[in-house]
Amino acid sequence: MTSQELQQLDQAYIAHTYARFSLCVDRGQGATCWSPEGKRYIDFSSGIGVNSLGFCDADWVRAVSEQAGKLQHISNLYYTEPCARLAEMLCARTGMKKVFFCNSGAEANEGAIKTARKYSFDKYGAGRSEIIALHNSFHGRTMATLSATGQAVYHNFFFPFVEDYRFVASGDLEELKGAVSGRTCAVMMELIQGEGGVIAQDAAYVQAVAALCAERDLLLIVDEVQTGIGRTGRLLACEHYGIQPDVVTIAKGIGGGLPLGAVLFGEKAQDVLGCGHHGTTFGGNPVACAGGQVVLRKLDEAMLSQVREKAAYLWEKAAALPRVAAVTGLGLMVGIEAAGKSAKDVAADAIEHGLIVLTAKDKVRLLPPLTISYEELDQGLAALEKALQ
Ligand SMILES: *Cc1c(COP(=O)(O)O)cnc(C)c1O
């Protein structure tokens, strides 16, 4: 099928919820992919931070293929090894105590929100259900996670939203302190706001919030759906901030390309959700978990240190490009403020020059595969320089 035929077919039958760029992708290898006509693109997006090992990593392909040929699914009524092993690896690497597997970031955040409310209900009874979140946050597209998302543009049409969320400005500790009341059960935040424009939070603020949560017995929920799984050069961004949250949510990068999300529970939260309190048909799928194990195994200290080196390289080169006004974010989660051109226009022109980039509000956003080569980085940067003009 040609790109033109594919676009016509898609537009005829797929609901128009995405403003797709005019690009059809047929196959990929590493951080490079090709259109049906064979045009080559450098990928600075990893999907949206999903393909952490790039396209079609050989070990990942082997593990998921073998698992698909052995047992592809058997519901959460029974035990399967890939699921249990991946949970063990996640706990060993993060210091968290228990795992609930689901299929996406929004679902992971739903699980976290339910956990916070039940933790509080179990201990204090009804009426302590408010969750404090940050302005400019993004937590997902389901009703509860949209409600937790602190951007007015998402709060339309779908009324009524879920109750009991309160928003405060990132970095303003006094405002947060003032917002906490006898009705508060949790604080929920991203450490680097991704969709909000790739904005890293202040470490002293985050540490003070963690201390406040501990003091007032509020669950601290950190949404690492975008920042987690090596994206920032540490397995979790929490490590940069020196905090150990009560609940961490992950998704995007953990499956290496298959739908997989997880809620990680710390000491306080580990026994809150019991039998029948939460569940999902597909969660912990053996094929997805087999892929997740490869991602975690490959993402050892040596590879994380390579991620930090590549990030330093990318930051330096990007900052030196003409028309780059600022570079924000952390590690391989990069926001670029382009002078005199909208992020959307840069992204569209990048495709013309053989490069895939993302946007986040007014920023050009780069989330390259963690395995990207320096050669691919250089080729992508050369294309980005042209797209910025
Ligand atoms: C992408 C994202 C989500 C939503 O994840 P989905 O898999 O699209 O449901 C939630 N939180 C953050 C921080 C994200 O970046």
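Residues numbered from 1 in each chain as written. Predicted model: local features only at pLDDT ≥ 70, side-chain atom pairs only at ≥ 80, totals over all residues. Heavy atoms only, no water.

*Asks:* Could you give an account of the overall build of the protein, with specific residues and numbers?
*Replies:* The secondary structure content of the protein amounts to 13 helices and 17 strands. Its C-alpha atoms give the protein principal-axis dimensions of about 60 × 50 × 45 Å. The burial tally for the protein puts 52% of its 389 residues in the buried class. When contacts within the protein are restricted to residue pairs at least 6 apart in sequence, those whose partners lie at least 24 apart make up 72%. For the protein, the separation between the mean place of its 36 positive charges and that of its 43 negative charges on side chains is 2 Å. (Helix = DSSP H or I, 4+ residues; strand = E, 2+ residues; numbered from the N terminus. Buried < 20%, exposed > 50% of the residue type's maximum accessible area, 1.4 Å probe, protein only. Contact = heavy atoms within 4.5 Å. Lys, Arg positive; Asp, Glu negative; His and termini not counted. Charge placed at Lys NZ, Arg CZ, Asp CG, Glu CD.)

*Asks:* Got a sec to walk through the environment of threonine 149? Specific residues and values, please.
*Replies:* With respect to the helices and strands, threonine 149 occurs in the loop between helix H6 (143-147) and strand S6 (165-168). Take threonine 149: its relative accessible area is 0%, and that puts it in the buried class. Considered as a pair, threonine 149 and histidine 135 are 14 residues apart in the sequence and their alpha carbons are 7.6 Å apart. Those residues in contact with threonine 149 that lie beyond four places of it in its chain are Ser137, Phe138, His139, Gly140, Tyr154, His155 and Phe167.

*Asks:* Lay out the site of the ligand with the relevant residues and their values.
*Replies:* The immediate surroundings of the ligand are formed by Ser104, Gly105, Ala106, Asn109, Phe138, His139, Gly140, Glu190, Asp223, Val225, Gln226 and Lys252. For the ligand, a nitrogen atom lies 3.4 Å from a polar atom in the backbone of phenylalanine 138. In this structure, a nitrogen atom belonging to the ligand sits 2.8 Å away from a side-chain N or O atom of aspartate 223. Compared with its free state, where it exposes 380 Å², the ligand has 81% of that area covered by protein. With three residues, helix H5 (residues 105-124) is the single largest residue contributor to the shell around the ligand. Its residues placed into classes, the shell around the ligand shows three nonpolar, six polar and three charged. (Near = heavy atom within 4 Å. Polar contact = N/O pair within 3.5 Å; in protein donor to acceptor, adjacent residues only side chain to side chain. Areas by Shrake-Rupley, 256 points an atom, 1.4 Å probe, with all protein chains shown as cover. Nonpolar A, V, L, I, M, F, W, Y, C, P; charged D, E, K, R; others polar.)

*Asks:* So what's going on with the side chain of serine 120? Which residues, and what values?
*Replies:* Here serine 120 lies in helix H5. Ignoring any residue separated from it by four or fewer positions in sequence, one finds serine 120 in contact with Gly125, Arg128 and Cys185.

*Asks:* Before we move on, can you summarise the sheet that holds strand S2 (residues 32-34) with the specific residues and values?
*Replies:* Taken together, the four strands give an open sheet; going across it, the order is S1-S2-S3-S15, and neighbouring strands pair in mixed fashion. Strand pairing shows two members of the sheet lacking a second neighbour, strand S1 (27-29) and strand S15 (355-356), which therefore form its edges. Its contacts with the sheet place helix H13 (residues 374-388) against S1, S2, strand S3 (40-43) and S15, and it is angled at close to 100° to S3. (Pairing = 2+ DSSP bridges. Axes fitted to C-alpha atoms, helices over the stretch in contact; angles between N-to-C directions.)

*Asks:* Break down the pattern of salt bridges for me, citing the residues and quoting the values.
*Replies:* Counted under the stated rule, the structure contains 14 salt bridges. As a salt-bridge pair, aspartate 57 and lysine 298 come within 2.9 Å of each other at their nearest N and O atoms. Taken together, the residues aspartate 57 in the loop between helix H2 (46-49) and helix H3 (58-68) and lysine 298 in helix H10 (residues 286-298) connect sequence positions 241 residues apart. By relative accessible area, which is 13% here, aspartate 57 ends up buried. Several salt bridges converge on common partners, so that one network encompasses Asp57, Asp59, Arg62 and Lys298. (Salt bridge = Lys/Arg side-chain N within 4 Å of Asp/Glu carboxyl O.)

*Asks:* With reference to specific residues and values, describe the packing of helix H11 (residues 301-319) against H13.
*Replies:* Where H11 meets H13, the closest approach of the two axes is 11 Å, and the angle between their N-to-C directions is 20°. The orientation of H11 with respect to H13, classified from their angle, is roughly parallel. Crossing angle aside, the handedness with which H11 passes H13 is right-handed. Together, Glu309, Lys310, Tyr313, Leu314, Lys317 and Ala318 of H11 and Tyr374, Leu377, Asp378 and Leu381 of H13 make up the contact between the two elements. By residue class, the composition of the contact of H11 with H13 is six nonpolar, no polar and four charged. (Parallel < 35°, antiparallel > 145°, perpendicular 65-115°, else oblique. Left-handed = near helix turned anticlockwise from the far one by under 90°.)

*Asks:* Describe the sheet that holds strand S13 (residues 324-330), listing the residues and the values that go with them.
*Replies:* Taken in spatial order, the four strands of this open sheet run S13-S14-S17-S16, and their pairing is antiparallel. Two strands close off the open sheet at either side, each with one partner strand: S13 and strand S16 (358-360). Between one strand and the next, the sheet's axes are offset by a mean angle of 30°, whatever the strand orientation. Strand direction decides the pairing type here: strand S14 (residues 333-338) and strand S17 (residues 363-366), joined by three bridges, are antiparallel. Within the sheet, the bridge partner assigned to glycine 335 lies in S17 and is arginine 365.

*Asks:* Go over the pairing of S3, please, and point to the residues and values.
*Replies:* Where S2 meets S3, three bridges bridge the pair, whose relative direction is antiparallel. Its bridge partner lying in S3, threonine 32 is registered against isoleucine 42. Pairing of S3 with S15 involves two bridges; the strand directions are parallel. Note on S15: the bridge partner recorded for aspartate 43 is isoleucine 356.

*Asks:* An account of the packing of aromatic side chains is needed here, citing residue identities and associated values.
*Replies:* Using the criterion set out here, one finds four aromatic pairs in the structure. Judged by centre distance (5.7 Å) and plane angle (80°), the rings of phenylalanine 157 and phenylalanine 158 are edge-to-face. Judged by centre distance (5.3 Å) and plane angle (85°), the rings of phenylalanine 159 and phenylalanine 161 are edge-to-face. By relative accessible area, which is 58% here, phenylalanine 159 ends up exposed. For arginine 128, the ring lying beneath its charged end belongs to tyrosine 124, and the centroid distance is 4.0 Å. (Phe/Tyr/Trp six-rings, centres within 6.5 Å; stacked < 30°, edge-to-face > 60°. Lys NZ or Arg CZ within 6 Å of the ring centre and 35° of its normal.)

*Asks:* Which residues make up helix H8 (residues 203-216), and what are the values?
*Replies:* Relative to the 20 Å expected for 14 residues at 1.5 Å per residue, H8 spans 20 Å between its end C-alpha atoms, a close match to the ideal helical length. Those residues of H8 that sit buried are Tyr205, Val206, Val209, Ala210, Leu212 and Cys213. One face of H8 carries all of its buried residues, which in axial projection span an arc of 160°. Turned more than 90 degrees from where H8 packs its buried face, Ala204, Ala214 and Glu215 sit exposed. The inward-facing, buried residues of H8 abut strand S5 (130-134), helix H7 (173-179), strand S7 (184-189), strand S10 (219-223) and helix H9 (238-241). Of the residues that open H8, the one with a side-chain oxygen 3.4 Å from the backbone nitrogen of alanine 204 is aspartate 202. A positive backbone phi angle near 55° is found at aspartate 217, which sits one or two residues after H8. (Expected span 1.5 Å × (residues − 1). Arc of directions from axis to C-beta.)

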